[in-house]
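Each chain, letter by letter, is given below.
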2 protein chains.
Amino acid sequence: MKHMKYLGKQILLELYDCNHSKLNDSELIAKIMVQAAEIAKATVVQQFFHHFSPFGVSGTVVIAESHINIHTWPEHNYIAIDIFTCGEELEPEVACEFLAKEFEATSHTMDVHMRGNVEEIAKGKS
Amino acid sequence: MKHMKYLGKQILLELYDCNHSKLNDSELIAKIMVQAAEIAKATVVQQFFHHFSPFGVSGTVVIAESHINIHTWPEHNYIAIDIFTCGEELEPEVACEFLAKEFEATSHTMDVHMRGNVEEIAKGKS
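To start, this report covers the structure provided alongside it. Because the structure is a prediction, the values reported are computed rather than measured.

**Focus: the interface of chain A and chain B**
- Chain A puts 41 residues into the contact, and the matching count from chain B is 41 residues.
- Between chain A and chain B lies a buried interface of about 3300 Å² when both sides are counted; carbon and sulfur atoms form 62% of it.
- Broken down residue by residue, the surface that chain A buries against chain B is led by A:Tyr16, A:Phe48 and A:Arg115, which jointly contribute 18%.
- For the pair chain A and chain B, the number of links is two salt bridges.

**Observations regarding the sheet that holds strand β2 (residues 44-51) of chain B**
Residues and elements named next belong to chain B.
- Here we have six strands laid out as an open sheet, ordered β2-β3-β4-β5-β1-β6, and antiparallel in their pairing. Because the sheet does not close on itself, it has two edges, and the strands there are β2 and β6 (107-117). Taken over all neighbouring pairs, the strand axes of this sheet differ in orientation by 10° on average, direction set aside.
- In this structure, β2 lies alongside strand β3 (residues 57-63), joined through seven bridges in antiparallel fashion. Counterpart to Phe48 in the pairing with β3 is Thr60.
- Those strands touched by helix α2 (residues 92-102) are β1 (6-16), β5 (78-86) and β6, and its axis lies near 15° from that of β1.
- The strands that helix α3 (residues 118-125) touches are β1 and β6; relative to β6, the one it contacts most, it runs at about 20°.

Cut-offs applied
- Residues numbered from 1 in each chain as written.
- Chains lettered and ligands numbered in written order.
- Predicted model: local features only at pLDDT ≥ 70, side-chain atom pairs only at ≥ 80, totals over all residues.
- Heavy atoms only, no water.
- Contact = heavy atoms within 4.5 Å.
- Buried area = accessible area lost by both parts, 1.4 Å probe.
- Salt bridge = Lys/Arg side-chain N within 4 Å of Asp/Glu carboxyl O.
- Pairing = 2+ DSSP bridges.
- Helix = DSSP H or I, 4+ residues; strand = E, 2+ residues; numbered from the N terminus.
- Axes fitted to C-alpha atoms, helices over the stretch in contact; angles between N-to-C directions.

Here it is, written out as structure tokens:
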């Protein structure tokens, strides 16, 4: 049996050389992000997207298990995403692969970080 | 002269053993988060907070330079924050120290990650 040592997991996803036409379309981005949340088996609570002038989109999908964030740089065909999830049932890595495919990234990297060290939390309770 | 190699910086901030009474108060949390954005010298665009039942708060402050996120776990007196900024003028580390102090964390850790590798972006343009 795996011992749970952290409360959550945050994946930093870099998407390079994406399909330019998708990076400034906030409606399409919102749709893809909600789909990604569903693919990760997350429960969508609320969503929130902001279109910057002259270009670029920032957005957050609040999920019951934390969040999924996006920032697009159309001028660089680059997207920064992070997915923060809690619980063993979620599949954020699958969502990352979906996002890379949907935005047609030529290359991408995933960086996984564990959040909320349970041993450190226990110290405060002792 | 420092050569800019990345578009942005994301700091993952862990706050342990915080003041319990503050972790379920979404109004107070929103106020502290906006103050943190201002201390980081960021431009606040929008804010968005969600209070979970029975407890816990998730929130995002969208800034012109990306975002600041928070998730609180009142049952563990633990808070996960991340601050994503672009530009050399911003001071997210100062905001992190402010947040640790405001939430009265007994211990905290900051993990800095650079986002958007400029060399990788250039490959897509060649």
